[in-house]
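Descriptive analysis of the structure
The primary structure of each chain is shown beneath.
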Amino acid sequence: MAAAVGAACRGLLDYKTAKFALTRNRRVGLLHRLLQLGVLGYLLGWVFLVKKGYQETDCAPHVSVITKLKGISVTEVKDAGNRLWDVADYVKPPQGENTFFLVTNFIATTKQAQGTCPESPSILDGICREDADCPMGYPVVHGNGIKTGKCVMFNTTHSTCEIYSWCPVENDTLPRYCPGKPLLAEAENFTLFIKNTVNFTKFNFSKGNTLQTSDPAYFKSCTYDPFFNPSCPVFRIRDMVKAAGETFENLALLGGSIGVSIKWDCDLDHPAAQCQPQYSFSLQDRNYNFRTASYYWDPQKRHYRSLLKLYGIRFDISVHGQQAGKFSIIPTAISFGTSITLLGAATVVCDLVLLYLDSKADFYRKEKFEEAKPPKDKAEVTA
């Protein structure tokens, strides 16, 4: 036991140095070269070409988006009469930013006044057979007002609860003057101006998506095209909906939501003119609407309102996936250091194969590991 402990203690003071042995093993030699080529391909192909590991990146730039819609439409609706729609009427909010709503269709309920009237038969909780079905003071679930306690005739076929509400109750039938088409059918030719500016503060670089031109008429006449006019920030509504995989007539009738994505990926080692945004459009939802009302007083000082149920297209503009890259010695050194480490790992793998998996592993271990003993002194030999 003591001898074993002594041997272990002496082993702590041993020093091992590397010994290089040339082996004529073609299989291990081929494996070594393949691993080296793999590391080299990873360094040049993936790290440098694909991931651009020689660049420092800025993934959090400052972004601004400004939008403006243009176009005019006229609608003819029974009871509501002719109406001219301009940008102040069909855009909600009037000054669009990252999100705005374009009116394409609507249902008008005109000259509503506060009072009592029958609930709509389309509301299940408003249908009744007797007064007991309409308890006074209870609101109609998903309805338009408060029950008065009476069951009255809505028409010759339906009886509904009388309610205190804005009367007559809201019309819920889409106009059918032009079946299958929205009232603001001209909206497909409206244009949307998107001004987007990105600022990569780390590199003190700023770029906008608008063409730098001295021609004041350019933005009034150009229309965006991904191939022939990619620098024009003016988009036709019909083209945007089509790029999202839908037709304008189908989406505009009951409304929907379109996502507009602006992607900036800039290589600042190249000229600034090559830093251009990439646009993509996606259909996010269908059947989008909300209500709004305008209030007025008649000559007899009676309070009225006109209720509009607006259908349209909601545009959500987002700037994402943006980053900029520029050459820097620090990420370059890190990428090279990682690759050199991998080259060392290739040698370790080949050593393991040679010393433990090869059919002549015992021979190679004897040749690789050798105990070096110092020669004995002459006095010891004489003794």
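Residues numbered from 1 in each chain as written. Predicted model: local features only at pLDDT ≥ 70, side-chain atom pairs only at ≥ 80, totals over all residues. Heavy atoms only, no water.

What to know about the overall build of the protein chain
Secondary structure summary: the protein chain contains 9 helices and 17 strands in total. Out of the 383 residues belonging to the protein chain, those deemed buried represent 35%. Summarising the internal contacts of the protein chain: among those between residues at least 6 apart in sequence, 68% fall at separations of at least 24. Accessible area of the protein chain: about 24,300 Å², with a carbon and sulfur share of 57%. (Helix = DSSP H or I, 4+ residues; strand = E, 2+ residues; numbered from the N terminus. Buried < 20%, exposed > 50% of the residue type's maximum accessible area, 1.4 Å probe, protein only. Contact = heavy atoms within 4.5 Å. Areas by Shrake-Rupley, 256 points an atom, 1.4 Å probe, with all protein chains shown as cover.)

Concerning the confidence of the model for the protein chain
Of the residues in the protein chain, 83% reach a pLDDT of 70 or more, and the chain-wide mean stands at 81. The secondary structure element of the protein chain with the lowest average pLDDT is helix α9 (residues 378-382), at 55, and the one with the highest is strand β8 (residues 159-167), at 95. (pLDDT = per-residue confidence, 0-100.)

Let's talk about the pattern of salt bridges
One pass over the full model with this rule turns up 7 salt bridges. D239 is paired through a salt bridge with R236; the nearest N and O atoms lie 3.3 Å apart. Judged by relative accessible area, which is 32%, D239 ranks as partly exposed. By relative accessible area, R236 is classed as partly exposed at 24%. In this structure, the salt-bridge partner of R302 is D298, at a minimum N-O distance of 2.7 Å. We classify D298 as buried; its relative accessible area is 13%. (Salt bridge = Lys/Arg side-chain N within 4 Å of Asp/Glu carboxyl O.)

A few points about the pairing of strand β15 (residues 289-297)
Remember that side chains alternate between the two faces of the sheet whenever the strand is regular. As judged from the 9 bridges shared by β15 and strand β16 (residues 303-319), these two strands associate in the antiparallel manner. For Y296, the partnering residue across the bridge sits in β16 and is Y304. Counted along the chain from β15 to the antiparallel partner β16, the turn is 5 residues long, and its residue K301 has a positive phi close to 65°. (Pairing = 2+ DSSP bridges.)

Some words on the pairing of strand β10 (residues 205-208)
Where strand β9 (residues 191-200) and β10 come together, 4 bridges link them in antiparallel fashion. Looking at β10, one finds that N199 is bridged to S206. Counting the residues in the hairpin turn of β9 and β10 gives 4 residues, including N204, whose phi is positive at 55°.

Points about the state of the cysteines
As enumerated under the stated definition, the model contains 4 disulfides in all. There is a disulfide in this structure between C128 and C151, and the S-S distance comes to 2.0 Å. When the S-S torsion is 90°, as for the bridge of C128 with C151, the disulfide is right-handed. Note that C128 is positioned in the loop between β6 (99-118) and β7 (146-153) and C151 in strand β7, a separation of 23 residues in sequence. (Disulfide = S-S within 2.5 Å.)

A look at unusual backbone geometry
A negative phi holds for most residues other than glycine; trans holds for most peptide bonds. Backbone torsion omega between C167 and P168 reads -5°, so that peptide bond is classified as cis. Within the secondary structure, P168 sits in the loop between β8 and β9. Despite not being glycine, H142 has its phi angle at roughly 60°, a positive value. Considering the arrangement of structural elements, one finds H142 in the loop between β6 and β7. The phi torsion at K301 lies on the positive side, around 65°, for a residue other than glycine. Along the chain, K301 turns up in the loop between β15 and β16. The class for K301 is exposed, based on a relative accessible area of 67%.

With respect to the nonpolar core
One finds L69, Y90, I237 and F315 to be the most contacted residues of the largest nonpolar core, which totals 45 residues. Looking at this core, the elements with two or more residues in it are β2 (62-70), β6, β9, α5 (237-243), α6 (248-254), β12 (256-263), β14 (278-286) and β16. Setting aside chain neighbours within four positions, we find L69 in contact with V87, Y90, V91, F100, L102, F190, T191, L192 and I237. Listed in part, the 6 residues of the second largest apolar core include I123, V140, I163 and C167. (Core = buried A, V, L, I, M, F, W, Y, C linked by side-chain atoms within 4.5 Å.)

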